[in-house]
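Next come the chains, spelled out residue by residue.
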Amino acid sequence: MQTRDVMTREVVSVGPDTSAKHAGELMAEHGFAALPVVEGDNRLIGMVGEADVLRDRIPSDPRLHARRDAEQSDVVLPLLVRGVMTTAVRSVEPHSDVADLARLLVDGHLRSVPVVEDGVVVGIVSRRDVLRTLVRPDDEIRADVLRLIEGYTDDLGCWDVRVTDGVTTVHRAKGAPEVSRSVEEFALRRLVRTVPGVVAVHVVSAVPARTAS
């Protein structure tokens, strides 16, 4: 499964000269953790996140502190996105493996990453987008798997597909592969792994032997 299969294509972005306050308003309104910062022909130059906008912008309530804090009026905060954004941005490409994407999100403690092709933002993908692939109903996963297998083998009504919590088992119920059994099983395992929601695959392309009565 590729990032293009799970990413959001309609991206809300801001420019470097957008006010930091407006960027915060967009994140609060849409429930985003971060926004791509673009310029020119939608080229990525940075990311601005919730923490970037929140940092040092909420003054302490003097009634709740015993000591006298420095006057916040002396602090000059950047008003534009260019003054608070992160320029060292980690991104992914549309054809990148979702498994690699998931590791990046988890290991990098990221809530979302932009999807970039030739320097241009073409999407954004969040942890929630990836999580949705794991919570697809088993019957939807089964239908997609069966459709792919029958389309690949052209053997209609020959497959028993079972899915439990994303773990997918495929058995050939009748017929025989046009190639060797090992080649068919290898091809089907690779094919089934492309279906969103599949977490593990077991394929047996041989017809079960009948037991003697």
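Residues numbered from 1 in each chain as written. Predicted model: local features only at pLDDT ≥ 70, side-chain atom pairs only at ≥ 80, totals over all residues. Heavy atoms only, no water.

Nonpolar side chains collect at one region of the surface, where Leu131, Leu134, Val135, Val167 and Val199 lie side by side and expose about 450 Å² of accessible area between them. For Leu134, the location among the structural elements is in helix α4 (residues 127-134). (Patch = residues over 30% accessible without salt bridge, like charges linked within 9 Å, V, L, I, M, F, W, Y side chains within 5 Å. Areas by Shrake-Rupley, 256 points an atom, 1.4 Å probe, with all protein chains shown as cover. Salt bridge = Lys/Arg side-chain N within 4 Å of Asp/Glu carboxyl O. Helix = DSSP H or I, 4+ residues; strand = E, 2+ residues; numbered from the N terminus.)

Of all 7 residues in strand β4 (residues 120-126), 5 are buried, a share of seventy percent or more. The sheet contact formed by strand β3 (residues 112-117) and β4 spans 6 bridges and is antiparallel. Among the inter-strand pairings, Val116 is bridged to a residue of β4, identified as Val121. (Buried < 20%, exposed > 50% of the residue type's maximum accessible area, 1.4 Å probe, protein only. Pairing = 2+ DSSP bridges.)

Bringing the pairing of strand β2 (residues 43-49) into the picture now. Relative to β2, strand β1 (residues 34-39) is paired through 6 bridges, and the arrangement is antiparallel. Of the residues in β2, the one forming a bridge with Pro36 is Met47. In this structure, the hairpin formed by β1 and β2 is closed by a connection of 3 residues, where Gly40 is found at a positive phi of approximately 60 degrees.

The next subject is the sheet that holds strand β7 (residues 200-204). Ordered in space as β5-β6-β7, the 3 strands form an open sheet in which the pairing is mixed. Both outer strands of the open sheet, β5 (159-164) and β7, are each paired with one neighbouring strand and no more. Between one strand and the next, the sheet's axes are offset by a mean angle of 10 degrees, whatever the strand orientation. For β5 and strand β6 (residues 167-172), the ladder comprises 6 bridges, and the chain directions are antiparallel. In the sheet register, Thr164 faces β6, and the bridge partner there is Val167. (Axes fitted to C-alpha atoms, helices over the stretch in contact; angles between N-to-C directions.)

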